[in-house]
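An overview of the molecular structure
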Amino acid sequence: MTFQNTLEFAQQLDAQDELKNYRKEFIFPQHDGNDVIYFTGNSLGLQPSRTKKHVDEVMNDWANLAVEGHFYAEKPWWDYHERFANPLSKIVGALPTEVSVMNTLTINLHLLMVSFYRPTEKRFKIICEEKAFPSDQYMFQSQVTHHGLDPKETIIEIKRREGEHNIRLEDILAKIEEVGDELALVLFGGVNYYTGQVFDMKSITEAGHKVGAMVGFDLAHAAGNIKLELHDWNVDFAAWCSYKYMNSGPGNASGCFVHERHHHSNLPRFAGWWGHNKERRFKMEPTFDPVHGADGWQVSNLPILSLAPYLASVEMFDEIGMDKLITKRNQITSYLEFILHEIDKEVNSTFEIITPSEPSERACQLSVFLHGEGRSLFDYLMKSGVITDWREPNVIRLAPVPLYSSYEDMYKFGQILKNGILTNQ
Ligand SMILES: *Cc1c(COP(=O)(O)O)cnc(C)c1O
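**Describing unusual backbone geometry**
Apart from glycine, the bulk of residues carry a negative phi angle, and the bulk of peptide bonds sit in the trans form. Pro393 follows Glu392 through a cis peptide bond whose omega is 5°. In this fold, Pro393 is placed in the loop between strand E16 (389-391) and strand E17 (395-398). Notably, Asn103 is not glycine yet its phi reads approximately 45°, a positive angle. With respect to the helices, strands and loops of the structure, Asn103 is situated in the loop between strand E6 (99-102) and helix H6 (105-116). Positive phi, close to 55°, is recorded for Asn247, a residue that is not glycine.

**Examining the site of the ligand**
The local shell around the ligand consists of Leu105, Thr106, Phe133, Asp136, Asp218, Ala220, His221, Tyr243 and Lys244. In this structure, an oxygen atom belonging to the ligand sits 2.5 Å away from a side-chain N or O atom of Thr106. Asp136 has a polar side-chain atom sitting 3.0 Å from a nitrogen atom of the ligand. Here the ligand loses 83% of its free accessible area of 390 Å² to cover by the protein chains. Counted by class, the shell around the ligand contains four nonpolar, two polar and three charged residues.

**Here we look at the side chain of Asp171**
By the element assignment, Asp171 lies in helix H9 (residues 169-179). The residues contacting Asp171, other than those within four sequence positions of it, are Ile158 and Arg161.

**A few points about the pattern of salt bridges**
Summed over all chains, the structure comprises 31 salt bridges. Put simply, Arg168 and Glu170 hold a salt bridge, and the shortest N to O gap is 3.7 Å. Between Arg375 and Asp379 there is a salt bridge, with its nearest N and O atoms 3.8 Å apart. With a gap of four residues between them, Arg375 and Asp379 both fall in helix H13 (residues 374-383), about one helical turn apart. Owing to a relative accessible area of 42%, Arg375 belongs among the partly exposed residues under this scheme. Linked through salt bridges whose partners overlap, the residues forming this network are Arg161, Glu164, Arg168, Glu170 and Asp171.

**Re the sheet that holds E16**
The strand order across the open sheet built from four strands is E13-E14-E17-E16, with neighbouring strands paired in antiparallel fashion. The two strands at the open ends of the sheet, each matched to only one other strand, are strand E13 (351-353) and E16. Neighbour to neighbour, the strand axes of the sheet diverge by 30° on average, direction disregarded. In the sheet, E13 pairs with strand E14 (residues 366-370) via three bridges, with the strands oriented antiparallel.

**Describing the sheet that holds strand E11 (residues 237-241)**
Two strands in a sheet stick together by hydrogen bonds in their backbones, pointing the same way (parallel) or opposite ways (antiparallel). Spatially, E6-E12-E11-E10-E9-E7-E8 is the arrangement adopted by the seven strands of the open sheet, whose pairing is mixed. The open sheet is flanked by E6 and strand E8 (155-158), the only strands paired with a single partner. Recorded for the sheet is a direction-independent mean angle of 20° between the axes of neighbouring strands. Here three bridges tie strand E7 (residues 125-129) to strand E9 (residues 183-189), and the two strands are oriented parallel to one another. Pairing of Ile126 across the sheet is with Leu185, part of E9. The strands touched by H9 within the sheet are E7, E8 and E9, with E8 carrying the most contacts at an inclination of about 155°.

**Observations concerning the nonpolar core**
Nonpolar side chains in soluble globular proteins tend to end up buried together. Core analysis: the biggest nonpolar cluster contains 99 residues, and Leu88, Leu230, Trp240, Tyr310 and Leu403 have the highest contact counts within it. A per-element tally of this core places helix H11 (residues 304-320) first, with nine residues. Apart from the residues within four sequence positions on either side, Leu230 is in contact with Val92, Gly93, Leu219, Val235, Ala238, Trp240, Phe257 and His259. With 33 residues, the next largest nonpolar core counts Ile37, Tyr335, Leu377 and Phe413 among its residues.

**Section: the pairing of E6**
Burial along E6 is two-sided: the face carrying Val99 and Val101 and the face carrying Ser100 and Met102 are both buried. Across four bridges, E6 lies against strand E12 (residues 254-258) in antiparallel orientation. Its bridge partner lying in E12, Val101 is registered against Gly255.

What counts, and at which threshold
- Residues numbered from 1 in each chain as written.
- Predicted model: local features only at pLDDT ≥ 70, side-chain atom pairs only at ≥ 80, totals over all residues.
- Heavy atoms only, no water.
- Helix = DSSP H or I, 4+ residues; strand = E, 2+ residues; numbered from the N terminus.
- Near = heavy atom within 4 Å.
- Polar contact = N/O pair within 3.5 Å; in protein donor to acceptor, adjacent residues only side chain to side chain.
- Areas by Shrake-Rupley, 256 points an atom, 1.4 Å probe, with all protein chains shown as cover.
- Nonpolar A, V, L, I, M, F, W, Y, C, P; charged D, E, K, R; others polar.
- Contact = heavy atoms within 4.5 Å.
- Salt bridge = Lys/Arg side-chain N within 4 Å of Asp/Glu carboxyl O.
- Buried < 20%, exposed > 50% of the residue type's maximum accessible area, 1.4 Å probe, protein only.
- Pairing = 2+ DSSP bridges.
- Axes fitted to C-alpha atoms, helices over the stretch in contact; angles between N-to-C directions.
- Core = buried A, V, L, I, M, F, W, Y, C linked by side-chain atoms within 4.5 Å.

Laid out in structure tokens, this is it:
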């Protein structure tokens, strides 16, 4: 499609947008009486209006039933999490028994590493991406030292080549092969949080398995954003948070995936009563007998007030389906890219999109490196009702979330950006 940088054209795309009614289901912060232009759904998704109903239901059941709510609530709490199995399995491409909800993301990755990172004298190395999200870096370091190993000899970061912004798949695959039988674990992001680069999880998984390593993914920026086929790709394990593209609210519950082939294995794990055989959970038996499935990694009884907004979210994703979301995501991201290039030409600026331009290597995020304007331009955008974020040294990240962003937002953003650059010059 040939795009145009005009309000009329943007409005025409909105009129044809199959998801346009979902925008009305989200609550936008206000700026001068108008909805803000929200680009940070990759950090904290907006609140869907239907969420409050789900939370109120739990609050009411708690008030009216107290402990009886475990069994007699509108949605009984003791197996509340089972409502996630179907919708969530479709979002990440898994069998219903392969997904579970619990804890928060970094905690889940730690728990999964207990099972899937089993270093031996020969096979102990971990491959991850350079500039992984800091929490992941701290996790790797602390896991490695917990096993009595030296992080410097154990953690191998795949680097970008000199002068390049993104990691090349060939470099990842070559390193996996090179480390070979010393490689215990590959743990990569599905989508890099900084650049928005989407990694080829299928090829990475294949390569890891070929040398006998386990392969897992941190899907914080991937869940609800890209098409995932975790089961078919044979990924061993994965975890994600629900407050980014899945709009479940600040710090909310995480989801995780454990491939079916590990459900009956005797992988070690840190256990708790919620992972115990469901039929006999309340018999208070002394010996742990895990549920065969991702639920077997649950530890504590679940934070229902945290799951309620997450349930509202997965129901919305289930109504729409990932395919429609991805179709709009591709178009609106491309439209934003077009607008950025147009403004760049008009004002002769010096910013650079560091996210891959190849559509299969990106999703809903464009990271823009601001060569000159930097921080003052970012401040101008925020003051003008554009919510974006700033990442050192000079990057703003723009995520036009397909569920609630409009093409008109993209056009208006372009105009604000242009004014900002001109005012700054
Ligand atoms: C957002 C994000 C996290 C956050 O972890 P929490 O445990 O939910 O605080 C971790 N890893 C990545 C890659 C992220 O993008």
